[in-house]
Amino acid sequence: MINDIHRDKLSKLRILYVEDDSETREELSMILQSWVDVLYVAVNGSEGLNFYRKYEPDIVITDIQMPILNGLGMSSEIKRIKRDQCIVVLSAYNDVEYLFKAMELGIQHYITKPVMIDRLQAKLTQIAEFMSLESEALRSRKLLEQYKLMVDEKAIVCKMDSEGFITYVNQHFCALSGYTEHELIGREFRFLFESDEQFSEIRSALSGFRKWTGILINTSKKGGRYVVDASLTAVVAEGDQIEEYVALMVDITDMYEKHERLSLHLQNDLNTQNHLLNEYERALELGTSLCVIDPDGIIVSANPSFSNGLGCLPEDLTGLPFDELIKDYLHFKEWALPQITGQGSLSRVMNMRFKEGLEKTFSIIIVAIHDVQGALHSLLALSQDITDSIRLNREIMDTQKELLYVMGEVVENRSQETGMHVKRVAELSKFIALKYGLTEQHSEMIKIASPMHDVGKVGISDHILHKPGKLTEEEFKVMKTHAQLGYNLLKKLDKPLIKMAANIAYHHHEHFDGSGYPNGLSGEEISIEGKIVALVDVFDALSSERAYKKPWPHDAILDYIETQRGKQFEPVLVDIMLDNMDDILALRNLYKD
């Protein structure tokens, strides 16, 4: 029974379903019809392709093996029409060759037959959510492009390279300065400044990655004076390298000259200054998520944009310690204040939640506000909700995990390895990786990718793969090709997890001393992932019963592992395994055959 959440996600979808088996087609069509807005049903790939050209559905669900035009042939033609078309392949365990061809076409969604309805429902819901996020991202990009056009049309814009030489000016800048674009491009931005002291102040701020705002008084080509309210910032690339500088300016020449004339009579009319200050504050309040924090880490005030992001009202936050909102850092005063005092600002990605509300991820910049005497008065936190962006990245990683899961099912069925062997290799590989000092994320990736170490065995003939006795010399030569076959199958997909799985498949039979295969690599030439899986795979294989052998005695296994230290296996990894054998045996016993 489909729940309300899934029904809402699926109710707007238009799906093309292609299946040649009438019984399967009739049964699944009835189910899909009750979920989605529109369902088109085709009996073969040729009819499905015609329907796709005519109706352009959101998602295509297709069987692989069909008459006239099979599912992959149809999918190939669809990908030529629309490269990013979402296609879900329904594959049987004996469809291994077709499954890898589907991967080469860029198809990322697979469901094994017989189709489990709850799994299909979850898959379509996940795709619908992903499509919704993509649509929202596209909308955001279009809005950003429009904002950029508006800025270029209304503001005075100038860009400089990292050395301070002008690389771009818009027409407004040329009109104001009196110089042509050709005269300005390539010149040092400094020539526009009357004051060396002010230029030094700006250069100091920008080199420290701080934004500079202020009034610039410049001389035009004809000798006249023009005044701009300017905001200059450094655009920083990866590795904290300054890529360029951007200056956004507003012509306030008339206002400035009027202000000068008024000042002669009114001596800095306080009301005018207060009005302008209020206008600036109002503009900042409307356009930015703001939170003001006192030096003790207590929230003084927050604007509606900030509180709405946390699902509460501004008054709910006033008086709360900022610590209570942050889920990743404790003792805000101790870790944040020294950095802000020393650097002037602090930038972090933080997970935040108000009381028991929904946790969200924010990109936050905290800036120090000083009083007239230079003492720290308060902290200003400016935030941007990046929850959806983080979620989109996680969706992409989950898709890779699911792809490896489907491939793992196919490999286990083909090679007749026990599922528990694959599970033990995964869990023990993560355990060793953590003890070796790899990060939690890196170790988890090894755990997920390790079941693919023998994926190349899908290309080995059954009479060799399932032979109960010892292989002949020629048969063993064929068997050894599975490492290269596995690498060739996986290397074509440029995804982090699958690239790691490719390296594991390629390296798990290489030996530390260079005597392994397929390439005779040694020492640091072998990836750490391959070294870890190689050790764990041998340990578990020796400990397990197979059709062609009984499990080795535990002491014999330890003797073998120790004698291969520095030969077959990385010495440090052998030491880790032997030093933690009790924990390893306990973990292995959790996943007995």
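What you see is a predicted model; the values in this text were computed from it and never measured.

Chemist: Summarise the overall build of the chain; cite the residues concerned and give the values.
Modeler: The helix and strand tally for the chain stands at 25 helices and 15 strands. Out of the 593 residues in the chain, the part that is buried amounts to 43%. Expressed as a percentage of contacts within the chain between residues at least 6 apart in sequence, the contacts between residues at least 24 apart total 55%. In the form shown here, the chain has an accessible surface area of approximately 32000 Å², with 52% of it arising from carbon and sulfur atoms.

Chemist: Before we move on, can you summarise the sheet that holds strand β14 (residues 360-370) with the specific residues and values?
Modeler: Strands in a sheet are paired, the pairing made by backbone hydrogen bonds, and the direction either parallel or antiparallel. Pairing is antiparallel in the open sheet, where 5 strands are placed in the order β12-β11-β15-β14-β13. In this open sheet, the two strands that pair with only one neighbour each are β12 (299-302) and β13 (345-352). Along the sheet, successive strands turn relative to each other by an average axial angle of 25°, direction set aside. Pairing of strand β11 (residues 289-293) with β12, which is carried by 3 bridges, proceeds in the antiparallel orientation. Note that in β12 the partner of C291 across the bridge is A302.

Chemist: Can you explain the sheet that holds strand β2 (residues 38-42)? Please cite residues and give values.
Modeler: Overall, parallel pairing links the 5 strands, which are arranged β2-β1-β3-β4-β5 in an open sheet. Of all strands in the sheet, those with a lone pairing partner are β2 and β5 (109-112), marking the two edges. Going across the sheet, the axis of each strand differs from the next one's by a mean of 20°, ignoring polarity. When strand β3 (residues 59-63) meets strand β4 (residues 86-91), the two strands line up parallel, connected through 5 bridges. Note on β4: the bridge partner recorded for I61 is V88.

Chemist: Quick rundown of the pairing of strand β8 (residues 212-219)? Include the residues and the values.
Modeler: Sheet topology places β8 next to strand β9 (residues 225-236); 8 bridges connect them, and they run antiparallel. Within β9, the residue paired with T213 across the bridge is S231. Counting the residues in the hairpin turn of β8 and β9 gives 5 residues, including G223, whose phi is positive at 95°.

Chemist: Can you tell me about unusual backbone geometry, naming the residues and giving the values?
Modeler: Residue K113 is joined to P114 through a cis peptide bond whose omega torsion reads -5°. Counting through the fold element by element, P114 comes out in the loop between β5 and α6 (117-154). Geometrically, the link from Y517 to P518 is a cis peptide bond, its omega value of 10° lying close to zero. Within the secondary structure, P518 sits in the loop between α21 (496-507) and α22 (528-543). One non-glycine residue with positive phi stands out, namely I68, at about 65°. Mapped onto the elements, I68 comes out in the loop between β3 and α4 (71-81).

Chemist: Describe the packing of α22 against helix α25 (residues 581-589), listing the residues and the values that go with them.
Modeler: Their axes nearest at 13 Å, the elements α22 and α25 cross at an angle of 65°. The interaxial crossing formed by α22 with α25 has right-handed handedness. On α25, the residues touching F539, D540 and S543 of α22 are M581, I584, L585 and R588. Across the contact of α22 with α25, the residue classes tally to 4 nonpolar, 1 polar and 2 charged.

Chemist: Kindly report on the state of the cysteines, identifying the contributing residues and their values.
Modeler: One pass over the structure, following the stated rule, counts 0 disulfides. Left without a disulfide partner, C291 is nearest to the cysteine sulfur of C312, which lies 9.9 Å away. Taking relative accessible area as the criterion, C291 reaches 0% and is therefore assigned buried. By relative accessible area, which is 7% here, C312 ends up buried.

Chemist: How would you sum up the nonpolar core? Please name residues and give values.
Modeler: By size, the foremost hydrophobic cluster in this structure holds 61 residues, and its most contacted members are I432, I532, M577 and I584. The dominant element in this core, judged by the number of residues it contributes, is α22, at 8 residues.

Chemist: Which residues make up the pattern of salt bridges, and what values do they have?
Modeler: Taken as a whole and assessed by the stated rule, the structure comprises 19 salt bridges. The closest approach of N and O atoms between K113 and E19, which form a salt bridge, is 3.4 Å. You can see K113 sitting in the loop between β5 and α6 and its partner E19 sitting in the loop between β1 (14-18) and α2 (22-35), a full 94 residues away along the chain. Looking at K113, the relative accessible area reads 24%, which means it is partly exposed.

Chemist: So what about the confidence of the model for the chain? Which residues, and what values?
Modeler: Taken over all residues, the pLDDT of the chain has a mean of 83, while the share at 70 or more is 85%. Within the chain, helix α24 (residues 571-579) carries the highest mean pLDDT (96), whereas helix α11 (residues 270-287) carries the lowest (54).

Chemist: Could you give an account of the pairing of β1, naming the residues involved and the relevant values?
Modeler: Each regular strand displays side chains that alternate between the two surfaces of the sheet. Where burial is concerned, most of β1 is hidden: 4 out of the 5 residues are buried. Taking the sense of rotation as the criterion, the β-α-β connection linking β1, α2 and β2 turns out right-handed. Taken together, the 4 bridges between β1 and β3 define a ladder with parallel strand orientation. Counterpart to I15 in the pairing with β3 is I59.

Cut-offs and rules
- Residues numbered from 1 in each chain as written.
- Predicted model: local features only at pLDDT ≥ 70, side-chain atom pairs only at ≥ 80, totals over all residues.
- Heavy atoms only, no water.
- Helix = DSSP H or I, 4+ residues; strand = E, 2+ residues; numbered from the N terminus.
- Buried < 20%, exposed > 50% of the residue type's maximum accessible area, 1.4 Å probe, protein only.
- Contact = heavy atoms within 4.5 Å.
- Areas by Shrake-Rupley, 256 points an atom, 1.4 Å probe, with all protein chains shown as cover.
- Pairing = 2+ DSSP bridges.
- Axes fitted to C-alpha atoms, helices over the stretch in contact; angles between N-to-C directions.
- Left-handed = near helix turned anticlockwise from the far one by under 90°.
- Nonpolar A, V, L, I, M, F, W, Y, C, P; charged D, E, K, R; others polar.
- Disulfide = S-S within 2.5 Å.
- Core = buried A, V, L, I, M, F, W, Y, C linked by side-chain atoms within 4.5 Å.
- Salt bridge = Lys/Arg side-chain N within 4 Å of Asp/Glu carboxyl O.
- pLDDT = per-residue confidence, 0-100.
- Right-handed = clockwise from strand over helix to strand, strands pointing away.

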